Amino acid sequence: HGLTNALPAALERGEFFIEYQPLVHLGDGQVRGAEALVRWLHPQHGVLGPDRFIPLAEHTGLIVPLGRWVLEQSVRQARAWRELYGDGGAAGPLRINVNLSPCQLTHPGLVQDTVDILERAGVEPDALCLEVTESALIGADDDLLKPLRQLAEMGVDIALDDFGTGYSNLANLRRLPVSVLKLDRSFTQSMQQYPADPVDLKIVEGIVALAHSLDLTVTVEGVETGAQAEQLRILGCDTAQGWYYARPGPPDRLHDLALADA
Ligand code: G
Ligand code: G
Ligand code: MN
Ligand code: NA
């Protein structure tokens, strides 16, 4: 595959870049941070989204150095935001969410690499949230969970991404070192109609109640309208992400949003 073969040189030549999508607190409407989303500016094909090349990078193992690069860039960006906005008062500094592939979880360097990257950038562990998909942790044994536990003990947040699409036993949540549930976009989509599907309302209500009883926060993805945001706020969700607030974009876009709040 041509794209697969081009990946290592693309990383060396600096063809990857990161867009940031804000995370907004549903209670006060303020930006709390952003999710880092990697793109590839391919010399022939133009901008390629992660769906086009992350699976290839996972297959060849390049995801480990690529993921490390994404983490380093993102953490440095978080540091730059802190310099612009200070510590953000009671809400704390702007936080950064970074996606982890299952292969990165099993790579023995994950914890040390993360510690080193945070130290080099002068960023506190609690400004970082690592997103892992629900499916990557289904049936996870202690060996797989150990690095996540170590990171969580240091203060790094672990989020369960695309939550509600897999088959994870809800009781299993207690065993996982996660502090955030990212509710899959499909739930948000079903809030589009008015009135929303009563069964989905009950499901979201139930997930939020369970999450809060376990001291987890709930982030909703794919919010495209104010009505969805309001419905999800009433249902008790904590944080939201989606086109209604902003599409993924360059880091200075977040500056504009954060300054608009102030
Ligand atoms: O918004 P977008 O099309 O960029 O995201 C598509 C998917 O790609 C998302 O599910 C997201 O989790 C994944 N993704 C984006 N950036 C990264 C990354 O740096 N590492 C990994 N492993 N996945 C990513
Ligand atoms: O990590 P994750 O799989 O959740 O990546 C988020 C994906 O969802 C990215 O591809 C991003 O571009 C996309 N996305 C972000 N906000 C919205 C939205 O409001 N609506 C839709 N349809 N997609 C979104
Ligand atoms: Mn994600
Ligand atoms: Na997601």
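As shown above, the structure is provided for reference.
Anyway, here's the lowdown on the structure attached to this text. Predicted model, so just to flag it, every value in this text is computed and none were measured. (Residues numbered from 1 in each chain as written. Chains lettered and ligands numbered in written order. Predicted model: local features only at pLDDT ≥ 70, side-chain atom pairs only at ≥ 80, totals over all residues.)

### Regarding the site of ligand 1
Part 1 of the reasoning: Around ligand 1, the neighbouring residues are Leu37, Val38, Gly49, Pro50, Asp51, Ile54, Gly67, Val70, Asn99, Ser101 and Pro248.
Part 2 of the reasoning: Broken down by secondary-structure element, the contributors of at least two residues to the shell around ligand 1 are strand S2 (31-42), helix H2 (50-60) and helix H3 (63-85).
Part 3 of the reasoning: Here the element with the most residues in the shell around ligand 1 is H2; it accounts for three residues.
Part 4 of the reasoning: Across the shell around ligand 1, the residue classes tally to six nonpolar, four polar and one charged. (Near = placed C-beta within 6 Å. Helix = DSSP H or I, 4+ residues; strand = E, 2+ residues; numbered from the N terminus. Nonpolar A, V, L, I, M, F, W, Y, C, P; charged D, E, K, R; others polar.)

### Here we look at H3
Part 1 of the reasoning: Counted at 1.5 Å a residue, the expected span for H3 with its 23 residues is 33 Å, and the 32 Å between its end C-alpha atoms agrees.
Part 2 of the reasoning: Just beyond H3, the residue with positive phi is Gly86, at close to 70 degrees. (Expected span 1.5 Å × (residues − 1).)

### Brief notes about the site of ligand 2
Part 1 of the reasoning: The environment of ligand 2 is made up of Gln21, Leu37, Asn99, Asp161, Asp162, Glu221, Gly222, Val223, Glu224, Gly242, Trp243 and Pro248.
Part 2 of the reasoning: Here the shell around ligand 2 is composed, by residue class, of four nonpolar, four polar and four charged.

### Side note on the nonpolar core
Part 1 of the reasoning: Counting 62 residues, the largest nonpolar core has Leu128, Leu130, Leu181 and Leu232 as the members making the most contacts within it.
Part 2 of the reasoning: At seven residues, H3 tops the list of elements feeding residues into this core.
Part 3 of the reasoning: Beyond its immediate stretch of four places on either side in the chain, Leu181 contacts Leu160, Phe163, Ile207, Ala211, Leu216 and Val218. (Core = buried A, V, L, I, M, F, W, Y, C linked by C-beta atoms within 7 Å. Buried ≥ 20, exposed ≤ 12 C-beta atoms within 10 Å, placed from the backbone. Contact = placed C-beta atoms within 7 Å.)

### Things to note about the packing of helix H5 (residues 110-121) against helix H7 (residues 142-154)
Part 1 of the reasoning: Their axes nearest at 9 Å, the elements H5 and H7 cross at an angle of 25 degrees. Considering their axes alone, H5 and H7 lie roughly parallel with respect to each other. Both H5 and H7 take part in a crossing whose hand is right-handed. Residue-level inspection shows Leu110, Val111 and Thr114 of H5 in contact with H7, the latter providing Pro147, Gln150 and Leu151.
Part 2 of the reasoning: In terms of residue class, the contact of H5 with H7 is made up of four nonpolar, two polar and no charged. (Axes fitted to C-alpha atoms, helices over the stretch in contact; angles between N-to-C directions. Parallel < 35°, antiparallel > 145°, perpendicular 65-115°, else oblique. Left-handed = near helix turned anticlockwise from the far one by under 90°.)

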